[in-house]
Amino acid sequence: MSNQDELPQTPRDGLSREPAGSEPHRDHSGNRLRKELPEEIPAAASGAAPEATAEAAPEAAAAPGAEQTSGPGGPSGDEERTEPALTGRRRLADGLWPPRVSRAQLIVAVLLFGLGFGLAVQVASNSDSDSALRGARQEDLVRILDELDGRTQRLEDEKQGLEKQRQELQNSSDQAAEARRQTAEKERQLGILAGTVAAQGPGITITIEDAKGTVQADMLLDAIQELRAAGAEAIQVNDVRVVAGTYLTDSGKSVDVDGNKINAPYRFKVIGKPQDLEPALNIPGGVVQTLEKEQATVTVEQSGKIVVDALRAAKRPDYARSSSQ
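What comes next is a walk through the structure. (Residues numbered from 1 in each chain as written. Predicted model: local features only at pLDDT ≥ 70, side-chain atom pairs only at ≥ 80, totals over all residues. Heavy atoms only, no water.)

## With respect to the pattern of salt bridges
- In the structure shown here, the tally under the stated rule is 3 salt bridges.
- Measuring nitrogen to oxygen at the nearest pair gives 2.3 Å for the salt bridge that ties Glu185 to Arg188. Taken together, the residues Glu185 and Arg188, both in helix H6 (residues 175-194) and 3 residues apart, mark about one turn of the helix.
- Of the charged contacts, one joins Asp258 and Arg312 as a salt bridge, the two residues approaching to 1.8 Å between their closest N and O atoms. With a gap of 54 residues between them, Asp258 in the loop between strand S5 (254-257) and strand S6 (260-262) and Arg312 in the segment after strand S8 (297-308) connect regions that are remote in the sequence.
- By relative accessible area, which is 26% here, Arg312 ends up partly exposed. (Salt bridge = Lys/Arg side-chain N within 4 Å of Asp/Glu carboxyl O. Helix = DSSP H or I, 4+ residues; strand = E, 2+ residues; numbered from the N terminus. Buried < 20%, exposed > 50% of the residue type's maximum accessible area, 1.4 Å probe, protein only.)

Here's what the structure looks like:
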């Protein structure tokens, strides 16, 4: 084969190069050989593919999970689509919802809710009870303290009296006679408390005018309890003697005391220390303020002699007997 029939050397990039200054082969044999060779790849396209591959490699390594879309001959016209990585807040939300609660966890949650509710109610009740004292005037607080001091003094006097009786029994030459004397004294005291004997002494009288019939049994019961706490030794409401087992009920616009119907005005006769009884009724949020809110009129008078003459019939117990017999 002649030198003209030799195939031209093709570089690795697929382009045909000819010596400078030489004319391209125009013969039919050269054209036939060129048609049998594969089509030349443009230099720009072949150079762009490595660059796109080189740029995609660091991005794929920097953002794992990112997807890249390209055409067969290189990158296509679509933009890269990346899925954002999950944040800590998103992972926390996925872990909490939907909730996965077991039966034991549900029981514990219910118990904790009940405990919290009880504590809230207790705190609220304590706050309500303390609010009255926080809003009280200075003279009202002094009055409350005096009342507490009076109760303490009464208990101390009672303690000293019992100790004196014990000493008299121990030191008396005729212990039997001294025991009988103390027993008779104790009987009179118990008779006053039981309402079987009349009583007299210093105290107060309370008159409650109820023109609109708004005073109820629980209000009168609060007054009795407050008087007892202040040291009242004998109480009479209208014509009924108040004892340890006294009960009050509503009866229309009137009140029943131990089954006896009483009507307004309600008059209390109370034997005790007047300086302790009257302040106990006038404390902030006490009996007098409660009745005045119901548009009732309350009058309190101190007296050096109060007579409580309403009596209760003595009842012999069916089963209880004295242990000394």
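## Description of the packing of helix H5 (residues 138-171) against H6
- One can describe the packing of H5 onto H6 by two numbers: an axis separation of 8 Å at closest approach and a directional angle of 155°. In terms of orientation, H5 lies roughly antiparallel with respect to H6. Along the contact surface, H5 presents Gln165, Glu168, Leu169 and Gln170, while H6 presents Gln175, Glu178, Ala179, Arg181 and Gln182.
- Each residue belonging to the contact of H5 with H6 can be placed in one class, and the counts come to 2 nonpolar, 4 polar and 3 charged. (Axes fitted to C-alpha atoms, helices over the stretch in contact; angles between N-to-C directions. Parallel < 35°, antiparallel > 145°, perpendicular 65-115°, else oblique. Contact = heavy atoms within 4.5 Å. Nonpolar A, V, L, I, M, F, W, Y, C, P; charged D, E, K, R; others polar.)

## Describing the pairing of S5
- With burial as the criterion, each face of S5 is covered, one bearing Ser254 and Asp256 and the other bearing Val255 and Val257.
- Two strands pair when backbone bridges link them, and strand S4 (residues 248-251) and S5 are joined in this way by 4 bridges, in the antiparallel orientation. Each bridged residue has a counterpart across the sheet, and for Ser251 the counterpart in S5 is Ser254.
- Taking the residues that link successive antiparallel strands as the turn, the S4-S5 hairpin has 2 residues, and the phi of Gly252 there is positive, at about 70°.
- Here S5 pairs with S6 via 3 bridges, running antiparallel. What sits directly across from Val255, in S6, is Ile262.
- Connecting S5 to the antiparallel partner S6 that follows it, the hairpin turn spans 2 residues, and Asp258 within it adopts a positive phi of roughly 55°. (Pairing = 2+ DSSP bridges.)

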